[in-house]
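# Coordinate inspection notes
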Amino acid sequence: MKSYKTALFAAVAALALSGAVWAQETPPGQIEFGKFTPPSSGGEFVEINVSKALINMATKLVEKDEPEIAGLLKNLISVRVNVVGLDSKNRSELEQRARKVRQDLEKKGWEKVVSVQKQKEDVSVFVKTSEGETVQGLAIVVIEAEKQAVFVNVVGDIKPEQLAVVGERFNIDPLKKLGAEKHAAAEQTEK
Amino acid sequence: MKTQPGHNTRIGGGALLIVLSLALALGLGLALAVASVLQQSRDTRALRDCLLGKQKLAWRDRIVVNTGPVTFGAVRLVSSFIELPQEARVGVASLRGAEVGVFRGGSVAPESRPAALAKADELMVKRGWTRVVGVQGRPETVMVYVREKGLGENNLVCCVVVWNENELVIVKVKSDPEPLLRLAAEKIRTEHPLPLRVARQAGL
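Model, not experiment: these values are computed from the prediction.

Before going further, it helps to spend a moment on the overall build of chain A. If you tally the helices and strands in chain A, you get six helices and six strands. Overall, chain A shows an N-to-C arrangement of helices and strands of α-β-α-α-β-α-β-β-β-β-α-α. Evaluated residue by residue, chain A yields a buried proportion of 30% over its 191 residues. Taking contacts inside chain A between residues at least 6 apart in sequence as the whole, the part at least 24 apart equals 56%.

The following block contains the structure:
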């Protein structure tokens with residue numbers, strides 16, 4: 001009986017410890033979207049997962065020629081993109097998941113910076129900032145009713161002006177705007 | 001001075017032995033080199049076996065080409081004498097080794113593929129690879145793995161899998177990505193110059 005109690009205590013302690021370690025290691029901007037499975041109808045299914053090791057390599061490569069991009073990459077931790085084609089079987093599950101992700105982000109204090117709800121399109125962009133200075137996480141959730149669901153999570157510690165630089169360099173309008181807005185907000189906070 | 005006939009025969013026999021050994025070693029080396037060109041590396045072989053599972057014997061038609069740094073060094077040398085577009089030259093300069101395996105003849109139903117791919121992911125992670133891109137669709141599935149061990153600015157090893165219903169292609173490329181990325185950066189700089197306002201904000 002005693003050994004049973006000891007084993008139980010050890011298991012609980014190990015679980016608690018692993019939870020604490022996980023909480024310590026998970027960056028604040030990281031979201032768990034859950035596991036996705038390809039649509040059974042054979043529709044689109046794309047997963048992109050860029051880890052820190054790969055980002056570090058890219059940083060070293062562009063350091064000399066593109067210091068502004070290297071500056072942004074240095075502060076990136078990971079990039080994850082999931083695109084799942086919608087069909088009659090997975091549509092309601094994915095719509096529900098998108099709603100849950102949005103609710104969770106709002107509860108956790110993420111700021112909703114873009115919200116577009118048209119007849120066939122539902123787009124939300126959330127940002128997690130550290131005291132309004134740096135962007136710790138960026139989350140994009142898109143549901144295109146007839147087509148696909150998109151989940152994006154960029155994790156890092158990014159300065160708003162760096163976002164603008166990348167937006168300009170790669171001609172990404174939302175990043176250009178977001179960078180400029182966040183930069184203006186940060187300047188106002190300083191004043 | 002007289003030479004002893006027995007002594008001469010011994011010298012002649014020794015030289016012949018050396019020549020024969022050298023010829024044998026050279027032949028063996030050549031045979032090994034040819035065999036290695038037609039063999040997949042361990043990781044890609046394990047990946048193929050994992051994807052095809054018990055059906056691997058049904059996939060009879062196979063083409064495997066595996067070339068290393070010596071071949072690509074020769075290609076670089078030859079290409080320096082030929083007029084090539086900048087992109088092609090940079091591509092050749094980046095490559096350090098390549099392996100291509102094409103397997104045909106069998107068939108795996110699209111419904112069975114996700115399970116095989118999940119297993120392949122597990123196997124590759126155990127072997128020190130990470131999946132960067134995965135596109136699953138019909139009729140084609142594409143996966144890109146990058147080897148994390150030894151990953152550096154001058155060493156990128158990636159493995160691309162393209163899987164059709166009755167064709168599996170596995171390509172492994174070892175490269176020095178620096179020249180390619182330098183070219184890409186140059187193109188981005190000229191095509192999208194940074195506005196002065198943004199450059200100032202970023203302190204550039």
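From this point, the narrative continues.
Now for the confidence of the model for chain B. Residues of chain B with pLDDT of at least 70 account for 80%, and the chain-wide mean is 79. Of all secondary-structure elements in chain B, the lowest mean pLDDT belongs to helix α7 (residues 196-201) of chain B, at 56, while strand β4 (residues 141-147) of chain B reaches the highest, 92.

On to helix α2 (residues 42-52) of chain B. Residue and element names in this part refer to chain B. Within α2 the residues assigned to the buried category are D43, T44, L47, R48 and L51. Seen along its axis, α2 keeps its buried residues to an arc of 135 degrees; they face one direction. Looking at the buried positions of α2, the neighbouring elements they touch are β2 (95-104), α5 (113-126), β5 (156-164) and β6 (167-175).

Quick look at the pairing of strand β4 (residues 121-130) of chain A now. Regular strands place their side chains on alternate faces of the sheet. Residue and element names in this part refer to chain A. Here strand β3 (residues 111-117) pairs with β4 via six bridges, running antiparallel. Along β4, the bridge assignment pairs Q117 with D122. The turn joining β3 and β4, which pair antiparallel and follow one another in sequence, is formed by three residues. Two strands pair when backbone bridges link them, and β4 and strand β5 (residues 134-144) are joined in this way by 10 bridges, in the antiparallel orientation.

Here the focus is the packing of helix α3 (residues 69-79) of chain B against helix α4 (residues 86-94) of chain B. Residue and element names in this part refer to chain B. Packing of α3 against α4 brings their axes to within 9 Å, and their N-to-C directions diverge by 150 degrees. Considering their axes alone, α3 and α4 lie roughly antiparallel with respect to each other. Of the two elements, α3 crosses α4, and the hand of that crossing is left-handed. The segment α3 lies against α4, with V75, R76 and S79 engaging R89, V92 and A93. Partitioning the contact of α3 with α4 into residue classes produces three nonpolar, one polar and two charged.

All names here are of chain A. Positionally, Q30 belongs in the loop between α1 (2-25) and β1 (45-50). Residue classification places Q30 among the partly exposed positions, given that 18 C-beta atoms sit within 10 Å. Considered as a pair, Q30 and K128 are 98 residues apart in the sequence and their alpha carbons are 9.5 Å apart. When sequence neighbours within four positions are dropped, the list of residues in contact with Q30 reads G137, N153 and V155.

The next subject is the environment of G85 of chain A. Residues and elements named next belong to chain A. By secondary structure assignment, the location of G85 is in strand β2 (residues 76-85). Placed 43 residues apart in sequence, G85 and G42 show a C-alpha to C-alpha distance of 8.3 Å. Apart from the residues lying within four places of it in its own chain, the contact partners of G85 are P39, G43, E44, F45 and Q148.

This part covers the nonpolar core. Counting residues in each nonpolar core, the largest one holds 49 residues, and the members touching the most others are L72, A139 and L163 of chain A together with L47, Y145, V161 and L168 of chain B. The residues contacting A139 of chain A, other than those within four sequence positions of it, are I31, L105, W110, F126, V152 and N153 of chain A.

Residue and element names in this part refer to chain B. With six bridges joining them, β4 and β5 adopt antiparallel strand pairing. Looking at β5, one finds that T141 is bridged to W163. Sheet topology note: the β5/β6 ladder contains nine bridges and is antiparallel. Residue pairing across strands places C159 opposite K172, the latter belonging to β6. Where β5 folds back onto β6 in an antiparallel hairpin, the turn is made up of two residues.

Rules and cut-offs
Residues numbered from 1 in each chain as written. Chains lettered and ligands numbered in written order. Predicted model: local features only at pLDDT ≥ 70, side-chain atom pairs only at ≥ 80, totals over all residues. Helix = DSSP H or I, 4+ residues; strand = E, 2+ residues; numbered from the N terminus. Buried ≥ 20, exposed ≤ 12 C-beta atoms within 10 Å, placed from the backbone. Contact = placed C-beta atoms within 7 Å. pLDDT = per-residue confidence, 0-100. Arc of directions from axis to C-beta. Pairing = 2+ DSSP bridges. Axes fitted to C-alpha atoms, helices over the stretch in contact; angles between N-to-C directions. Parallel < 35°, antiparallel > 145°, perpendicular 65-115°, else oblique. Left-handed = near helix turned anticlockwise from the far one by under 90°. Nonpolar A, V, L, I, M, F, W, Y, C, P; charged D, E, K, R; others polar. Core = buried A, V, L, I, M, F, W, Y, C linked by C-beta atoms within 7 Å.

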